[in-house]
Structure formats: structure tokens, C-alpha cells
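Read off the chains here:
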Amino acid sequence: MSQLYPDFTLTRDNCDREPIHRPEAIQGTGHVLALDAADPGRVLAYSDGALDILGIPADAIWTQGVTAHLPEPCRLIIERLEAGETNESMAPQPLTHGGITYDTIGSCRGSAYVLDFEDADPPEIETSDALRFDALLRSTDDPEALYDVAAQELRRQLGFDRVMVYQFDPDGHGFVVGEAKRDDLEPFLGLHYPATDIPQPARVVLQAARVRSIADIHLPNRPLHFRPDRPDGEHLDLTYSQLRATSPIHIEYLANMGVQATMTIAIEVGGALWGLFACHHYGPKNPGYHTRRLAGMESLLFSLRLQEVQAAKVERNRLASREAEEKLIGSIRFDDIHQLDLASHGSALVELCACDGAAVLSADKPPIALGETFPVEQLGALRQHLAELGAPKIFTTDHIAADLPAAFSADTEIGGLLAARVSEVGSTYFVWFRRRQRQAITWAGDPRLPHVVDRIDESGAQRLSPRQSFAKWQDAIEDRCLPWTDDVLDMAQRIRGRVLQREATFTATTMQRHNDDLRQMSYAASHDLREPLRTVGNYLELLTEDLDERLDDEQRHFLERAGAATRRMRGLVDDLLTYADVQREVAWEWVDMAALVAGIVEDLGDVIQRTGATIDVGTLPPIFGKRTNLERCFLNLITNALKYVADGVQPHVTVTGEQDADTITYRITDNGIGIAPENVAKIFAIFGRLHHHSEYTGSGMGLAICKRVVEGMHGTLEVASEPGRGSTFTCRFERRMELPT
Amino acid sequence: MSRPLHHVLLVDDNTDDNYFHARSIKKSGRAVTVSTCRDGEEALACLESDTDQAIPDLIFLDINMPKMNGWEFIEAFANLEPACRDTVVVVMLSTSPNPADRERAGRTDIVSEFIDKPLRTETFTRIADTYFGGGDDD
């Protein structure tokens, strides 16, 4: 280990910082010469064999430029590197020495040109293999099948004992999604490996170099010789070198598995390392450079096809989800109390996204459960928990145990949920559930023991080895479900919007229907009530007349009381009728409010005379509105102003008006008994009376009618009052139209 | 101006109202005969019969009635022989809270007045005075 990194000692805690890109040795399958990119005649480092191949005398290597000694293939590569080419863009140059032909592979990293010399083995695969690979990938559009096809074909072409498609999870750990292997080998398909098995430095180097080969873990490394005048801290970066020596940790890891040779090919999707092809061989195996290049290209083909297949799958899911969405929306019904119900196609709820179950939670109904959910009694409690969270519009968790512990139960397999509140008037939720994702994850060995300190080397330093136990180890601790992705959240938002829209439409039409019914009913009821009431009143009158002389005072009082009651009831019925009638659609027109109020004052002449009232009417701007309703409203307001005065007080009423650019305001002010603040809300309610009939007569409908009239014209009716001093009623309307000229 | 008021016809399906109204009329001492019909059809049949006594001087007409309501009666009345209708005063006597009814009554020449139930002696006396001259002449 000390040979690889003179300045770095591996410990239990620094594996993720191991400088695996700059070991000071190379694999035993080739030779390396590193030159100064700024002065390619200047050697930075070399392996012993390189000098032999190139015929450079060792004694002059640090003191003289080597340009003159470099054979033609090397000079050509240097020229091209200087022109900005890379190892990937250049074909290797053949170089023959001592009867052996070497592939010369040039790369540039930092300030160094690295020339690799490898035996030019005849290629094991050809361009036609890559084309065949591509054609096979196109024979399926199922990702799972794609993994297997790729693994099978790569193994067939490359001849490794095992080829795996290994995918990284966003959390860093990885799992085998596709595998082709020698029949006698134990399958690794489906196994999960901790993130530490492929430490971060290894991922970075692999993503850069794309293909990596370890020909034989038992073959001794060849040391690199560096310039004696190399400054401290200057390293040779071998990221792009084909021959970079392997981390001793990784060597032991492979040895523990019995693997002797590997080839690893990066799989990039969208610029990120999606996963890799891991090719294992249980003997030495050294695919040549041509073969590795083509395998790298095959990985590119795989990546392209994978993205196509994934996109197609996303699209298929999207279409299926949309179809389920239409079915679901179409099946929504509301009952009389606005409770959402799912008719025939309620099961579409579970088809909207990848989930294991779904539920509809409503306030006054038993929950509807589809597929795998919480037990029913826990579903009711879940609605409570959501309410305690403030009834969020959308709530998600992929970890109920942590985010919603009150709702968590170890008895269920549910690990996460997505809840969407789909009602503004009630608290109905659609909830989707997912099982705990890794309840049955099978780890290849205990991930809690990525490394073991198992030896002390000669110098007394701790030696680390990867865990040796590859026995399958089941992880039953994890409670999370698969994370809820953006497209699922979008779906939930969209569903929520559509259900709310349905609810709003339903509410509006129901309200309209109820209003119509109510108006019809109150009109008919009050109309039909009037007749018997009148008959009762009439007969009471006849009785009083006929009995005239024979009635004693008490009996006469009874009949008077009965007559008064029928008259009061008749007033009530009339007011109810008016209240219902205010809602009738009447045409809007220009109303001359000055004339309207003058008419009312004239009609009230008797009362004014009797009470000695004074009414001052100021300038009243005209308004575009409903004439009859305004008449009722102002009649009620002025009548009230005259009526609710203390005994012996002469009523004084002022009616004023004003308008600005946006509003028209009318005020009716009196010197009456006023209204205590706590009673202000009551006076506008139907039958909201503050006084006994013996004090002030009235049905209690007057101000309710006024408010309805004003609001029916989109205005507001407010009162400001000081008990004992008087009240001011203010009607404020938007200016809806300019007065026609 | 003064002419006799012999016969008043009440057209109303509400027998209680008819009873009360007939009493108010009789109490005034202004009419010899008060008869009642329960709907427009009966009233029309009464007008079309040839006997002179059958033709009333004054009709009090309700609006909401079965078979033929007040409005339908007025249409039919307008198509009668002039002899049957020229001398007849028609007064609507109703409880309709619907302002449209009152307006509609105002638009037809046939209806002389529109008054609210119940008809009281004083109101009847005023109507009798208005259309048939002062009671003293009678």
C-alpha cells in the first residue's frame, strides 16, 4: 500500500478520500511513459519496460530530452494530443519492438501526457458486434428485459464468467438489475450493495475514463519511477491511463469474492453515472484495448436505448395515469351534503400512480380503501392527523415513521403516503400508500461492516480489508417507501384541482337550485298562509261585531289580542314574501334616488305628522340598480329610523348621498335609541328582533330584507350606532355605470 | 250619475271569503241581491242566461280560482254580447301579492278597480257611491 501512495495511509475513515487516480504504480500488463505536456521531451515518470520498448538509455533519461528517441507512433500521438485530441478520439498506434506489437495509447491529464503501451491482442469483438448488440436492445421496450439482454449479449461477446448490470440508487448504494453468468455460479441478481463498495473516488474516475480493466489481481504491479527533482506534492494523475494500478482495498474485495479479473464499463444517463456493467472473471482475463473501446461504445448504445425505453415507459405510465384520471373524475359524485363519492370507477384511484393502495377519507362517511392501506380504523385516525397538521392541500412522506409517527404502525407494511385534500368545503382526502421499500432488501453481506481492520502490517499500521462475508444479509430496519417523484406530485395537484372544480360547480348549481326551491317555497307558503289567516281574522271580526254588547271587557280583550296576532302574522308572512321576492331577477335601470326617497317620505306622511318627525333629504346621486328593491330597502330604513326612538323624542332623520370615482354611498341617520355593539350582528338576521312587540312592532325581517337588497346589487350595508344617541345606516355600492347623458 | 244597484255577484272559490264579503255588502244596506259563483265558468254561465235578474250590476272577481280564473273570465267577459256586459262594473278583489297582477288589472278597461281582501262595509259603500251614485238617491 505504501508503494501506491507514499503520502496517504488508508484508515477506516478515509476510504472515500483514497487517491486512487494517482497510484505510483501500474498494472503488470503494460508499460507507461509520462511526459511533460509543456515540454514533451521531458520525462516525468516511466515504468521499466517503457525504456526498453522505446530504446531510451536509462542513464540520460532525467538529463536529456527524449524527443529524438521517441519512435514515430509516439511522436504522432504527441502531435495529436497537442492538437487537443483525447484517447477516445484517437485510434491506438501500433508499435513493434522485439517481435511484439504494442498498442500505444495517449492521454492527457493535468500537465502530463501519458503514453500507455499494451500488448496489441487481436480484437475479440468487431463493429458488427456493436451493431448486433444495438439490434438486440431494440428487440424489447421493457427496461427489465433490456438489462438481461444487454448482460447476456455482452457476456457472449466478451466471454466473462459473469456480466452484471448494476444500478446506483440516489442514496449511493447499488443493486444488480441484470445478470448473465456461468451456470455454476451463484446468482447476484437482485442483491444490494452498500455505497461504500464503490467509494466516491472510484465513481469519479470511472465516469471520466468510462472503461476500466483489471487483467489479473495476482499479477504484481510495476512501479513508476519519477524525476528525482519532482517537487513535493506533485502527482501523476493516471485517471485516463489504461494501466493505472488498482486500490489494494478493491483487490482484496475481489479476492474475497474469488474474482481474478474485471472489466467495468460506466453507464451514463443524462450526464450522471446511472450505473455500470460489472464483468467478473474467475481467472485472469485481459480484453485488449480495441475490445474495451468497443465495449465502451456498446455502453453508449445501451444508455441511449435505456433512455428511450424509460421515456416510453414514462409516457405509457402517463397515458395510463391520464386514462385512470379521466375515469376517476368521471366517477365523482357528490351527495346532498357535499360528500364526495366515487361511483363505478373508484378503483382508478390506485392506477393514477405507482402505489400499493389508495383511500378516500371523508368526514361523515366510512373511508373507501383500495388495495393495500392502513387498516380501516387507522384510516379514520389518519384524517385526524392530517387535520392536526392544518389540513394541508398536499402532504407527502416517504417515511411515515419519522414524519407522521402518530399515524405509523409497525403492523402494516405501509412506509409512505401522499395525501391530497380534495375539498374546500369539507375535509375529504385522496391518499395513496406505498409499502416500505426495503423491507426485504437483500444485501450482499452486512452493509454495516464495509471494512474490517483485519491485519497489522510489518510497519505496525492497521490494514483494512473489505468485509469478507458475502453471505446474504436481510435488512429489516428501513421503514421508507420509494420517494414520491415530481410527476406524481403534479398528478396529485392536478387531480386536486379538477375535483375542486367539480365541487365548485356542484356547489354553485346546488346553491342555485336550493335558492330557487326556497324562493318558490316561501312564495307559495306565504301566499297560501295568507288566506286562512285572513279567514281567521275575518271571523274574529264578525264575532266581535255580533257579540258586541254581550262581551265583557276581558272577553273583548281576548278577541282584540287574537285579532292583533293575526295581523302581526300577516305582516310576517308579507315580509317573508318580500324577502323571497328580493331575489327575483329584475332588470337593472337608472333609478332617480331623489325622487324615490321623496316618494317614500310622502307615503310616510301620516307617521311623520303623528310623531312630529323631521326628515332632511340631501342630494342623492342616481344609481344603476333594481328600483323596486331599492324602494323596499329605503322604505324599511326610513321607517325604522322613525320607529325606534325613545318615548317623547321627535324623530329626526337625515338621508344623504355622495359618490366618488368608484362608489356611491347613501346614509340614513337617526336620533333613535341606537343599537348596542353586541347586537349589531343580530339586527340583519332573519327575524332578528331586539325588542318585545309591546315596545316596537315589526316582524324582524326589515333589515334582513334591506341587507339582501343591497347585497343583491353587490353593495354593502353597515351600521354605526351609539346607544341612546342614534344610528347611521350606510349603503355603499360600486359605481357600475356612468349616468347616460 | 245615479243608477240602481240591485245585484252584486261575488266570484270566488273561497266560501269563507264569500260569506264575509256578502255580510259586509248586506250590512251596507245598498244591495238587494248578493249572489255567489265559485269560479269564472259559473259566473259566465250566469251572465249568458237570458233572465234579466241574472245580470249583476257589480261583480267582485277573485284571481286564483279553479277551472276559470279571474283573468280567463275577463277575456271571456270581453267577448260577451254588449247587452250582457255594458252595464256591469267589475272590481278585482284579491290577495295577490304579485305586483304584476295589479299592473295587469290597470291595463284592461274592463276592470274598474283592484282592491285587497277583505272587503269591508266602508269599502263597499265607497265603491257603491263611486259607480252607482249616493245611497240617498236609492
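Per chain, the residues get numbers from 1 upward, laid out in the order the sequence is written. For naming, the first written chain is A and the first written ligand is 1, with later ones following in the order written. In keeping with the model being predicted, local features are shown solely for residues with a pLDDT of at least 70 and side-chain atom pairs are shown and tallied solely at 80 or more, while totals for entire chains, interfaces and linings include all residues. Side-chain measures were taken over the full set of non-hydrogen atoms in the model, leaving aside hydrogen atoms and water.

1. Describing the sheet that holds strand E3 (residues 39-46) of chain A
All names here are of chain A.
Here comes step 1: The rule for pairing is simple: two strands pair if DSSP sees at least two bridges between them. Per the convention used, a helix needs a DSSP run of H or I reaching at least four residues, while a strand needs a run of E reaching at least two, with both numbered from the N terminus. Across the sheet, which stays open at both edges, the 6 strands sit in the order E4-E5-E6-E2-E3-E12 with antiparallel pairing between neighbours. Both outer strands of the open sheet, strand E4 (93-97) and strand E12 (225-226), are each paired with one neighbouring strand and no more.
Here comes step 2: By the bridge criterion, 5 bridges tie E4 to strand E5 (residues 100-109) in an arrangement that is antiparallel. In the strand pairing of E5, proline 94 is matched with aspartate 103.

2. Structural notes on the pattern of salt bridges
Here comes step 1: Salt bridges are defined by distance alone: a side-chain nitrogen of Lys or Arg within 4 Å of a carboxyl oxygen of Asp or Glu. Scanning the entire structure with this criterion turns up 45 salt bridges over all chains.
Here comes step 2: For the salt bridge of lysine 327 of chain A with glutamate 351 of chain A, the shortest nitrogen-to-oxygen distance reads 3.8 Å. With lysine 327 of chain A in helix H7 (residues 289-331) and glutamate 351 of chain A in helix H8 (residues 348-351), the pair connects residues that are 24 residues apart, well separated along the chain.
Here comes step 3: Between glutamate 545 of chain A and arginine 23 of chain B there is a salt bridge; the shortest N-O distance is 3.7 Å. Of the two residues, glutamate 545 of chain A is situated in helix H11 (residues 486-547) and arginine 23 of chain B in helix H1 (residues 15-28); the pairing between them involves two chains.
Here comes step 4: Any residue under 20% of the maximum accessible area for its type is buried, any over 50% is exposed, and the rest in between are partly exposed; the area is computed with a 1.4 Å probe on protein chains only. By relative accessible area, glutamate 545 of chain A is classed as partly exposed at 33%.
Here comes step 5: Residue classification places arginine 23 of chain B among the partly exposed positions, given a relative accessible area of 24%.

3. Some points on the packing of helix H15 (residues 627-643) of chain A against helix H17 (residues 702-712) of chain A
Residue and element names in this part refer to chain A.
Here comes step 1: As a rule, the C-alpha atoms of each element are fitted with a line to give its axis, helices using only the stretch in contact, and angles between N-to-C directions run from 0 to 180 degrees. Two elements in contact, H15 and H17, have axes separated by 9 Å at closest approach and are oriented at 140 degrees. One way to sum up the angle between H15 and H17 is to call them oblique. Where H15 crosses over H17, the handedness of that crossing is left-handed. Judged by residue contacts, Asn629, Leu630, Cys633, Asn636, Leu637 and Asn640 of H15 engage Gly702, Leu703, Ile705, Cys706, Val709 and Val710 from H17.
Here comes step 2: For the contact of H15 with H17, the residue count by class is 8 nonpolar, 4 polar and no charged. Roughly parallel means an angle under 35 degrees; roughly antiparallel means over 145; roughly perpendicular covers 65 to 115; every other angle is labelled oblique. By definition, turning the near helix anticlockwise from the far helix through less than a right angle yields a left-handed crossing, and turning it clockwise yields a right-handed one. Contacts are assigned to residue pairs with any non-hydrogen atoms lying within 4.5 Å of each other. Under the scheme applied, nonpolar residues are Ala, Val, Leu, Ile, Met, Phe, Trp, Tyr, Cys and Pro; charged residues are Asp, Glu, Lys and Arg; polar residues are all the others, including Gly.

4. Section: the interface of chain B and chain A
Here comes step 1: Contacts between the two partners involve 14 residues from chain B and, on the opposite side, 14 residues from chain A.
Here comes step 2: In this structure, lysine 27 of chain B and glutamate 545 of chain A form a salt bridge, with 2.8 Å as the shortest nitrogen-oxygen distance.
Here comes step 3: For the purposes of these results, a polar contact is taken to be a pair of N or O atoms within 3.5 Å, where, inside protein, one atom must be able to donate a hydrogen and its partner to accept one; residues adjacent in sequence count only when each atom of the pair is a side-chain atom. Between chain B and chain A we count 6 residue pairs in polar contact (both at pLDDT 80 or more) in total.
Here comes step 4: Of the residues belonging to the side of chain B that touches chain A, the class tally is 4 nonpolar, 4 polar and 6 charged.

5. Description of the sheet that holds strand E29 (residues 652-659) of chain A
All names here are of chain A.
Here comes step 1: A sheet is described by the order of its strands in space; here 5 strands give the open sequence E27-E29-E30-E32-E31, paired in mixed fashion. In this open sheet, the two edge strands, each paired with only one partner strand, are strand E27 (614-617) and strand E31 (716-722). In this sheet, neighbouring strand axes are inclined to one another by 15 degrees on average, regardless of whether the strands run parallel or antiparallel.
Here comes step 2: As judged from the 6 bridges shared by E29 and strand E30 (residues 663-669), these two strands associate in the antiparallel manner.

6. Quick look at the packing of aromatic side chains
The geometry of an aromatic ring pair is captured by the separation of the ring centres together with the interplanar angle, meaning the angle of the planes.
Residues and elements named next belong to chain A.
Here comes step 1: Pairing of aromatic rings covers Phe, Tyr and Trp, the last through its six-membered ring, and needs centres within 6.5 Å; plane angles under 30 degrees mean stacked, over 60 mean edge-to-face, and all others mean tilted. In total, this model carries 17 aromatic pairs over all chains according to the counting rule given.
Here comes step 2: Plain terms: the ring middles of tyrosine 46 and tryptophan 62 are 5.5 Å apart, the flat faces sit at 45 degrees to each other, and that makes the pair tilted. Placement of the pair is tyrosine 46 in strand E3 and tryptophan 62 in the loop between helix H1 (48-54) and helix H2 (72-82), with a sequence separation of 16 residues.
Here comes step 3: Given a relative accessible area of 22%, tryptophan 62 falls into the partly exposed group.
Here comes step 4: The structure contains a cluster of three or more aromatic residues connected by ring pairs, namely Tyr147, Trp274, Phe277 and Phe302.

7. A look at helix H6 (residues 248-257) of chain A
Here comes step 1: Along H6 of chain A, the residues classified as buried are Pro248, Ile249, Glu252, Tyr253, Leu254 and Met257 of chain A.
Here comes step 2: Looking one or two residues beyond H6 of chain A, the residue adopting positive phi is glycine 258 of chain A, at roughly 85 degrees.

8. Points about the environment of threonine 67 of chain A
Here comes step 1: Residue placement: threonine 67 of chain A occurs in the loop between H1 and H2.
Here comes step 2: Excluding residues within four positions of it along the chain, threonine 67 of chain A makes contact with Gly41 and Arg75 of chain A.

9. Digging into a negative patch on the surface
Here comes step 1: A surface patch of negative charge is lined by Asp528 and Glu531 of chain A together with Asp13 and Asp16 of chain B.
Here comes step 2: Relative to the helices and strands, aspartate 528 of chain A is located in helix H11. Patches here are clusters of residues that have more than 30% relative accessible area and form no salt bridge, with a 9 Å joining cutoff for like charges and a 5 Å cutoff for nonpolar side chains (Val, Leu, Ile, Met, Phe, Trp, Tyr). What sets the accessible areas is the Shrake-Rupley method with a 1.4 Å probe; for residues, cover comes only from the shown protein chains. His is not counted, nor are the chain ends, whereas Lys and Arg count as positive and Asp and Glu as negative. Lys charges are placed at NZ, Arg charges at CZ, Asp charges at CG and Glu charges at CD.

10. Side note on the environment of alanine 358 of chain A
Residue and element names in this part refer to chain A.
Here comes step 1: Relative to the assigned elements, alanine 358 resides in strand E17 (residues 357-361).
Here comes step 2: C-alpha of alanine 358 to C-alpha of serine 347: the two residues are 11 residues apart in sequence and 8.6 Å apart in space.
Here comes step 3: The contact partners of alanine 358, leaving out residues within four places of it in the chain, are Leu349, Val350, Ile368, Ala369, Leu370, Glu372, Thr373, Val431, Trp432 and Phe433.

11. Quick notes on unusual backbone geometry
Comment: phi is negative for the bulk of residues other than glycine, and the bulk of peptide bonds are trans.
Residue and element names in this part refer to chain B.
Here comes step 1: At the junction of lysine 117 and proline 118, the peptide bond is cis and its omega measures out at -5 degrees in the coordinates.
Here comes step 2: For proline 118, the location among the structural elements is in the loop between strand E5 (111-116) and helix H6 (121-132).
Here comes step 3: Backbone geometry places lysine 67, a non-glycine residue, at a positive phi of 65 degrees.
Here comes step 4: One can find lysine 67 in the loop between strand E3 (58-61) and helix H3 (70-78).
Here comes step 5: Of the residues examined, lysine 67 reaches a relative accessible area of 64% and is grouped as exposed.

12. Some words on the confidence of the model for chain B
All names here are of chain B.
Here comes step 1: Each residue carries a pLDDT score, the predictor's own confidence in it, on a scale running from 0 to 100. Looking at chain B, pLDDT values average 84 and 88% of them are 70 or higher.
Here comes step 2: Within chain B, E3 carries the highest mean pLDDT (94), whereas helix H4 (residues 82-85) carries the lowest (76).
Here comes step 3: Here the predicted complex scores 0.58 on pTM and 0.71 on ipTM.

13. Thoughts on the state of the cysteines
Here comes step 1: We call a pair of cysteine sulfur atoms a disulfide when they lie within 2.5 Å. All chains considered together, the criterion is met by 0 disulfides over all chains.
Here comes step 2: Here cysteine 46 of chain B stays unpaired: no disulfide links it, and the sulfur of cysteine 37 of chain B, its closest cysteine neighbor, is 4.8 Å away.

14. Thoughts on the nonpolar core
Residues and elements named next belong to chain A.
Here comes step 1: Remark: nonpolar core denotes a set of buried residues (Ala, Val, Leu, Ile, Met, Phe, Trp, Tyr, Cys) joined through side-chain atoms within 4.5 Å. Counting 41 residues, the largest nonpolar core has Met593, Ile623, Leu630, Phe634 and Phe729 as its most contacted members.
Here comes step 2: Setting aside residues no more than four positions away along its own chain, leucine 630 makes contact with Val591, Met593, Leu596, Ile623, Val709, Met713 and Phe733.
Here comes step 3: With 29 residues, the next largest nonpolar core counts Ala150, Val165, Ile267 and Phe302 among its residues.

15. Some points on the pairing of strand E14 (residues 272-281) of chain A
Residues and elements named next belong to chain A.
Here comes step 1: For E14, a buried count of 9 out of 10 residues is recorded, marking the element as mostly surrounded by other parts of the structure.
Here comes step 2: Of the pairings in the sheet, the one linking strand E7 (residues 162-168) to E14 comprises 6 bridges and is antiparallel in character. Across the sheet, residue valine 163 finds its bridge partner in E14, namely cysteine 279.
Here comes step 3: Strand direction decides the pairing type here: strand E13 (residues 261-269) and E14, joined by 9 bridges, are antiparallel.

16. Considering the packing of helix H3 (residues 127-137) of chain A against H7 of chain A
Residue and element names in this part refer to chain A.
Here comes step 1: Where H3 contacts H7, the two axes come as close as 10 Å, and the packing angle between them is 20 degrees. Viewed along their axes, H3 and H7 adopt a mutual orientation that is roughly parallel. The two elements H3 and H7 cross, and the hand of that crossing is right-handed. Contacts between H3 and H7 involve Thr127, Asp129, Ala130, Phe133, Asp134 and Leu137 from the first element and Leu294, Met297, Glu298, Leu301, Phe302 and Arg305 from the second.

17. Some remarks on the side chain of arginine 162 of chain A
All names here are of chain A.
Here comes step 1: Tracing the chain through its elements places arginine 162 in strand E7.
Here comes step 2: A polar atom in the side chain of arginine 162 sits 2.5 Å from the side chain of glutamate 179.
Here comes step 3: Polar side-chain contacts of arginine 162 include one of 3.1 Å to the side chain of tyrosine 282.
Here comes step 4: Those residues in contact with arginine 162 that sit more than four places away from it in its chain are Arg155, Glu179, Ala180, Lys181, Leu185, Glu186, Pro187, Phe188, Ala278, Cys279, His280 and Tyr282.

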